[in-house]
Amino acid sequence: MNISEVAKQTGLTNKTIRFYESKGMISEPLRGENGYRRYSQKQVNELLMIKRSRLVGFSLEESRELLSLSRDPERKSADVKAKAEHKLAEIDHQIQELLAMKQSLQSLISQCPGNNQPGCPIIDALTKGGTEA
């Protein structure tokens with residue numbers, strides 16, 4: 001199948017498919033006599049795995065590692081689980097940081113009168129380093 005068909009099946013853009021290919025993320029597609037790439041279901045499956053791993057928060061490099069594990073018949077599910085647990089811990093940490101940011105911003109908003117006067121506790125805190133962060 002050609003790249004447009006792969007894009008339709010995976011929901012990825014042609015540019016993204018070429019990017020993953022240039023990074024060596026997917027196995028190299030065959031070339032037809034005309035020089036055009038001919039993708040197989042194998043590349044489609046690899047692209048879908050990359051897309052899904054990215055959607056749950058894995059980085060490009062982590063997605064590469066997972067794809068490599070998926071190709072390894074000797075892999076241990078414990079290795080895959082450890083990667084997923086590590087990513088979950090990172091996401092939990094990011095959530096805590098976001099919640100702290102939210103609390104700081106809510107506090108600043110509650111201090112601001114939001115009227116027609118120039119005085120603004122939000123600007124004061126941001127320029128003078130008065131946030132709780």
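Residues numbered from 1 in each chain as written. Predicted model: local features only at pLDDT ≥ 70, side-chain atom pairs only at ≥ 80, totals over all residues. Heavy atoms only, no water.

1. What to know about the overall build of the protein chain
Counting its secondary structure elements, the protein chain contains 6 helices and 2 strands. Reading the secondary structure of the protein chain in the N-to-C direction produces α-α-β-β-α-α-α-α. Taking 14 Å as the expected radius of gyration for a compact globule of 133 residues, we find that the protein chain reaches 23 Å, considerably beyond that expectation. Taking the principal axes of the C-alpha coordinates as reference, the protein chain spans close to 70 × 40 × 20 Å. Classification of the 133 residues of the protein chain by burial places 24% in the buried group. Within the protein chain, contacts between residues at least 6 apart in sequence are counted, and of these 47% link residues at least 24 apart. (Helix = DSSP H or I, 4+ residues; strand = E, 2+ residues; numbered from the N terminus. Rg over C-alpha atoms; globule rule 2.2 N^0.38 Å. Buried < 20%, exposed > 50% of the residue type's maximum accessible area, 1.4 Å probe, protein only. Contact = heavy atoms within 4.5 Å.)

2. Observations concerning the pattern of salt bridges
Within this structure, the stated rule accounts for 6 salt bridges. For Arg71, the salt bridge goes to Glu46, with nearest N and O atoms at 3.1 Å. A residue pair is termed long-range when its members are at least 10 positions apart, and Arg71 in helix α4 (residues 60-71) and Glu46 in helix α3 (residues 41-55) qualify at 25 residues. Judged by its relative accessible area of 6%, Glu46 is buried. A salt bridge links Lys83 to Glu65; the nearest nitrogen and oxygen atoms lie 3.0 Å apart. Of this pair, Lys83 sits in helix α5 (residues 77-111) while Glu65 is found in helix α4, placing the two residues 18 residues apart along the sequence. Here Lys83 falls in the partly exposed class, since its relative accessible area comes to 30%. Using a relative accessible area of 31% as the deciding quantity, one classes Glu65 as partly exposed. Salt bridges linked by common partners bring Glu62, Lys87 and Glu90 together as one network. (Salt bridge = Lys/Arg side-chain N within 4 Å of Asp/Glu carboxyl O.)

3. Details of the UniProt feature "domain: HTH merR-type" (unreviewed entry) in the protein chain
Cross-referencing UniProt, the feature "domain: HTH merR-type" (unreviewed entry) maps to residues 1-69 in the present numbering. Within residues 1-69, the helical portion is 61% and the strand portion 6%, while the C-alpha atoms at the span's ends are 26 Å from each other. (UniProt positions renumbered as here; feature names shortened; annotations may be inferred.)

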